[in-house]
Amino acid sequence: MAEIIVITSGKGGVGKTTTSASIATGLARRGKKVAVIDFDVGLRNLDLIMGCERRVVYDFVNVIHGEATLKQALIKDKRFDNLYVLAASQTRDKDALSKEGVEKVLKDLSAEGFDYVICDSPAGIEKGAFLAMYYADKAIVVVNPEVSSVRDSDRVLGLLASKTHRAERSDGEVAAHLLLTRYSPVRVESGEMLSINDVEEVLGLKTIGVIPESGDVLNASNKGEPVIMDGESIAGQAYDDAVARLLGEERPLRFTTVEKKGFFSKLFGG
Ligand SMILES: Nc1ncnc2c1ncn2[C@@H]1O[C@H](COP(=O)(O)OP(=O)(O)OP(=O)(O)O)[C@@H](O)[C@H]1O
Ligand SMILES: [Mg+2]
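Computed from a predicted model, the values in this text were never measured in an experiment.

## A few points about the side chain of Asp 152
Line of reasoning, step 1. Examined against the element boundaries, Asp 152 turns out to sit in helix H7 (residues 147-162).
Line of reasoning, step 2. Those residues in contact with Asp 152, other than ones at most four positions away along the chain, are Ser 9, Gly 10 and Lys 11.

This is how it looks when you write it as structure tokens:
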């Protein structure tokens, strides 16, 4: 059976698509067979970040409506043979998705031997976001360390606990993990941002990763290369840690404290 992981948040623009691309790529790099699905029908973003936008012929909605087979619509990643993208339609609206349609695609992916299906949720708590989380086994709740993001995530946790297939069948809960993104130790220290402990406490979640604020993320998305592929980038390394933890490895948090600059780096502005 494929493990279905939803990348969700409530609030928009916090880093869900960035995270979906990097987690999917990181799992594939570790040998897992992975499909990553863009549930943001109408917007379509994941294919850009994965760098396959020119190869989108058929999309998720086409498959659900029987206009293309799953095989036709799955786009094989150019970096890893065991990584596939299912793009969102740019021309339809969210009503083009249905529970039955989503269920069939997920079942077919499982039958095709996929180990993981990563569902990139749209913002908000409307239909697209609801369907992205409905069949999930696990949720990664992406949060920026600020009050509005935490508040919106809290709503999503309510939905995960009540409005999912698992919740409805009393089939065990959807295991939710916290992924803090755009974390800036300097701004946490100065009190402008919430700390990891603050967010964990408010949401009652354990942290699976803390991704620092980094210009590398934008650079990576401009190149169509998930930031986890950038081994020099602290954001890339932090995503790799998160993937390792997802697979059960213990890794200490990195890049979460303010680096005290030494004399030479001060001198040379490093
Ligand atoms: N760690 C980070 N450091 C700096 N910028 C980041 C980081 N993570 C994400 N961003 C930037 O934040 C913006 C939103 O990211 P992304 O598209 O992944 O969010 P999203 O949650 O999927 O948005 P939406 O709700 O619209 O789908 C992008 O411009 C991205 O480059
Ligand atoms: Mg997105």
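## As for the UniProt feature "domain: CobQ/CobB/MinD/ParA nucleotide binding" (unreviewed entry) in the chain
Line of reasoning, step 1. With numbering matched to this structure, UniProt assigns "domain: CobQ/CobB/MinD/ParA nucleotide binding" (unreviewed entry) to residues 5-227.
Line of reasoning, step 2. Helix makes up 40% of residues 5-227 and strand 19%, whereas the separation of the span's terminal C-alpha atoms amounts to 19 Å.

## Side note on the sheet that holds strand E8 (residues 206-212)
Line of reasoning, step 1. The mixed open sheet is built from eight strands, whose spatial order is E3-E4-E2-E5-E1-E6-E7-E8. Every interior strand has two partners, whereas the edge strands, strand E3 (75-76) and E8, have only one.
Line of reasoning, step 2. Note that strand E1 (residues 3-8) and strand E5 (residues 116-120) share five bridges and pair parallel. For Ile 5, the partnering residue across the bridge sits in E5 and is Ile 118.

## A few points about the site of ligand 1
Line of reasoning, step 1. Near ligand 1, the surroundings consist of 15 residues, among which Gly 13, Lys 16, Thr 17, Thr 18 and Ser 214 are the closest.
Line of reasoning, step 2. Side-chain polar atom of Arg 182 to an oxygen atom of ligand 1: 3.1 Å apart, as the coordinates give it.
Line of reasoning, step 3. Contacts to ligand 1 include Pro 212, whose backbone N or O atom sits 3.0 Å from a nitrogen atom.
Line of reasoning, step 4. When isolated, ligand 1 has an accessible area of 630 Å², and the protein chains bury 81% of it.
Line of reasoning, step 5. Breaking the shell around ligand 1 down by element, the ones donating at least two residues are helix H1 (16-29) and E8.
Line of reasoning, step 6. No other element matches the three residues that H1 contributes to the shell around ligand 1.
Line of reasoning, step 7. Looking at side-chain class alone, the shell around ligand 1 contains five nonpolar, six polar and four charged residues.

## Some remarks on the UniProt feature "binding site: ATP" (unreviewed entry) in the chain
Line of reasoning, step 1. The sites that carry the UniProt feature "binding site: ATP" (unreviewed entry) are, in the present numbering, Lys 11, Gly 12, Gly 13, Val 14, Gly 15, Lys 16, Thr 17 and Thr 18.
Line of reasoning, step 2. The topology assignment puts Gly 12 in the loop between E1 and H1.
Line of reasoning, step 3. Its place among the elements puts Lys 16 in helix H1.
Line of reasoning, step 4. Within the structure, Lys 16 has its side chain in polar contact with the side chain of Ser 9 (distance 3.0 Å).

## Description of unusual backbone geometry
Excluding glycine, most residues fall at negative phi; most peptide bonds, likewise, are trans.
Line of reasoning, step 1. Despite not being glycine, Arg 44 shows a phi value in the positive range, around 55 degrees.
Line of reasoning, step 2. Looking at where Arg 44 falls in the secondary structure, it is placed in the loop between strand E2 (34-38) and helix H2 (46-50).
Line of reasoning, step 3. The backbone phi angle of Arg 182 is positive, close to 55 degrees, even though this residue is not glycine.
Line of reasoning, step 4. Secondary-structure assignment places Arg 182 in strand E7 (residues 175-183).

Basis of the calculations
- Residues numbered from 1 in each chain as written.
- Chains lettered and ligands numbered in written order.
- Predicted model: local features only at pLDDT ≥ 70, side-chain atom pairs only at ≥ 80, totals over all residues.
- Heavy atoms only, no water.
- Helix = DSSP H or I, 4+ residues; strand = E, 2+ residues; numbered from the N terminus.
- Contact = heavy atoms within 4.5 Å.
- UniProt positions renumbered as here; feature names shortened; annotations may be inferred.
- Pairing = 2+ DSSP bridges.
- Near = heavy atom within 4 Å.
- Polar contact = N/O pair within 3.5 Å; in protein donor to acceptor, adjacent residues only side chain to side chain.
- Areas by Shrake-Rupley, 256 points an atom, 1.4 Å probe, with all protein chains shown as cover.
- Nonpolar A, V, L, I, M, F, W, Y, C, P; charged D, E, K, R; others polar.

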